[in-house]
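Structural characterization, general
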Amino acid sequence: MARLLFDTDFLKKLELLRMTSNRIYHGQGRGEHSTVKMGTSLEFSDYRNYQVGDDFRYIDWNIFSRMDRLFLKVFTAEEDLSIHILVDTSQSMTFGDPPKIDYAKRVAAALGYIGLSNLDRVGITAFAAGIQDSMAPRRGRDHFLGLLDYCERVTCGGETDFNRALMEYSFRSRRAGLAVIISDLLDPKGFERGLEALRFARYDVLLLQVLDEEDVRPTYTGPVRLRDLETNQEQRLTIDELLLTRYRARVQQWCSHIEDFCLKSQIEYLRASTLIPFEDLILKYLRHGVHLH
């Protein structure tokens, strides 16, 4: 757990932030997110016209006596948000210096701390070819130590099946909310169907793609033997500047496709290099987005 512990100053900065969702979810407990309900809070919000079937207890009879019309009181309730953090633990996440998985774990722990500080329910799940170990969303700051312990125990291995894993999660999870996906997205089978499954299951989605600089802009040239970390397949080739230029162009096309898909699907997408200090990712870059304020 020691590698994931944060200093006090950083934790205080995290406590000033909150995770938000574009959707309205009815929480299980009182939290920090405002939703509109009828008569569930002492904080009055507005009126609306009475409709057949509404509860008579929330009719404002003073207005009725003056206007001879029925209006219902609407109240603001503070509710908790369920935050589902899904971390890619396929073998490709071990690549890099620092390894992408170490970076992903720290980001997951920081976002979990923000959610728990705001009385939200936070759960975390590892996935590769399918769903691995999972910790269901829970509330309470004491849950943070369990989340840290979970991150420390998680190990990488096997191939990625991004679509299958996310589809499985969308089917088995009983409570929708904000899904935070942390992955390098290095799956030749694609990513679209998995994200679509979460959206269909009424999840709000934040996609964080974590890449090493060598994934995006490799620098080595000459004769090499490349080995796929997940399939162990090897290929010998000679790399020159022309091949590197073509590779970088393909990577840019791939990233642009991910960005376009997420934009059309109303999914927040952020690509991060492990060269970026993860504190800056949380405190600067994510705060410019939709789900962290």
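Residues numbered from 1 in each chain as written. Predicted model: local features only at pLDDT ≥ 70, side-chain atom pairs only at ≥ 80, totals over all residues. Heavy atoms only, no water.

1. What about the overall build of the protein?
So the rule is basically this: Only DSSP runs of H or I reaching four residues or more are called helices, and only runs of E reaching two or more are called strands; each is numbered from the N terminus. Residues count as neighbours in contact if any of their non-hydrogen atoms are within 4.5 Å of one another. Only the protein chains shown count as cover for residues, and all accessible areas are computed by the Shrake-Rupley method using a 1.4 Å probe.
For the protein, the helix and strand inventory stands at 9 helices and 11 strands. Restricting to contacts in the protein with at least 6 residues of sequence separation, those with at least 24 account for 77%. As displayed, the protein has an accessible area near 15,500 Å², and 51% of this comes from carbon and sulfur atoms.

2. Side note on the environment of Met135
This is how the line gets drawn: When a residue's accessible area, from a 1.4 Å probe over protein chains only, is under 20% of the maximum for its type it is buried; when over 50% it is exposed; and in between it is partly exposed.
Tracing the backbone shows Met135 in strand β6 (residues 131-138). Look at Met135 and you get buried, because its relative accessible area is 18%. For the pair Met135 and Tyr150, spaced 15 residues apart in sequence, the C-alpha separation works out to 8.0 Å. When sequence neighbours within four positions are dropped, the list of residues in contact with Met135 reads Gly123, Ile124, Thr125, His143, Gly146, Leu147 and Tyr150.

3. Comments concerning the packing of aromatic side chains
For clarity, the threshold we go by: Centres within 6.5 Å are what make two rings of Phe, Tyr or Trp a pair, Trp counting through its six-membered ring; a difference in plane orientation under 30 degrees is then read as stacked, over 60 as edge-to-face, and the rest as tilted.
Going through the model one piece at a time under the given rule, you end up with 7 aromatic pairs. Ring geometry for Phe6 and Phe278: centres 5.6 Å apart, planes at 35°, overall tilted. One end of the pair, Phe6, is in the segment before α1 (8-15); the other, Phe278, is in helix α9 (residues 278-285), and 272 residues separate them in sequence. The same class applies to Phe6 as to Phe278, namely buried. Aromatic side chains Tyr169 and Tyr203 sit 6.4 Å apart centroid to centroid with 55° between the ring planes, which places their arrangement in the tilted category. Of the two residues, Tyr169 is situated in helix α5 (residues 162-172) and Tyr203 in the loop between α6 (192-200) and β8 (204-211); the sequence distance between them amounts to 34 residues. For the pair formed by Tyr169 and Tyr203, the shared burial category is buried. Among the aromatic side chains, those forming a connected cluster through ring pairs are Phe6, Phe10 and Phe278.

4. Side note on a nonpolar patch on the surface
We apply this condition: Patch rule: a residue counts if its relative accessible area is over 30% and it has no salt bridge; like charges are joined within 9 Å, and nonpolar side chains (Val, Leu, Ile, Met, Phe, Trp, Tyr) within 5 Å. Salt bridge, as applied in this entry: a Lys or Arg side-chain nitrogen positioned within 4 Å of an Asp or Glu carboxyl oxygen.
Side chains of Phe56, Trp61 and Phe64 sit close together on the surface and give an oily, nonpolar patch of about 330 Å² of accessible area. Within the element layout of this structure, Trp61 appears in helix α2 (residues 61-67).

5. So, the pattern of salt bridges
Per the counting criterion, the structure on display carries 11 salt bridges. Of the charged contacts, one joins Asp149 and Arg153 as a salt bridge, the two residues approaching to 3.1 Å between their closest N and O atoms. Placement of both Asp149 and Arg153 in helix α4 (residues 143-153) is noted, with a separation of 4 residues, approximately one turn of the helix. Between Arg225 and Glu234 there is a salt bridge, with its nearest N and O atoms 3.6 Å apart. Using a relative accessible area of 51% as the deciding quantity, one classes Arg225 as exposed. A relative accessible area of 46% places Glu234 in the partly exposed class. Each of Lys100, Asp184 and Asp215 takes part in salt bridges that share partners, so that together they form one network.

6. Things to note about the sheet that holds β8
Note the threshold: DSSP-based pairing: two strands are paired if at least 2 bridges between them are found. What counts as an axis is a line fitted to C-alpha atoms, over the stretch in contact for a helix, and the angles between N-to-C directions run from 0 to 180 degrees.
The mixed open sheet is built from 6 strands, whose spatial order is β6-β5-β4-β7-β8-β11. Here the strands that pair on one side only, and so sit at the sheet edges, are β6 and β11 (268-273). Across the sheet, the mean angle separating the axes of adjacent strands is 15° when strand polarity is ignored. Where α4 meets the sheet, it contacts β5 (121-127) and β6, and its direction lies at approximately 170° from that of β6. This element, α5, spans β4 (82-88), β5, β6, β7 (178-183) and β8 of the sheet and lies at about 35° to β6.

7. A short note on α6
Every buried residue of α6 is accounted for by Gly194, Leu195, Ala197, Leu198 and Arg199. Looking one or two places after α6, you find Arg202, whose phi comes out positive at around 75°.

8. Quick notes on the environment of Phe191
Locating Phe191 in the fold gives a position in the loop between β7 and α6. Spatially, the C-alpha atom of Phe191 lies 8.6 Å from that of Ile258, the residues being 67 residues apart in sequence. Beyond its immediate stretch of four places on either side in the chain, Phe191 contacts Phe162, Asn163, Leu185, His257, Ile258 and Phe261.

9. Quick notes on the packing of helix α3 (residues 100-117) against α9
Under the convention used in this document: Here roughly perpendicular refers to angles of 65 to 115 degrees, roughly parallel to angles under 35, roughly antiparallel to angles over 145, and oblique to all remaining angles. By definition, any crossing whose near helix is turned counterclockwise from its far helix by less than a right angle is left-handed, and any crossing with a clockwise turn is right-handed.
At a minimum axis distance of 9 Å, the contact between α3 and α9 shows a crossing angle of 40°. One finds that α3 runs oblique with respect to α9. Crossing angle aside, the handedness with which α3 passes α9 is right-handed. Of α9, the residues touching α3 (which contributes Tyr103, Arg106, Val107, Ala110, Leu111 and Ile114) are Phe278, Glu279, Leu281 and Ile282.

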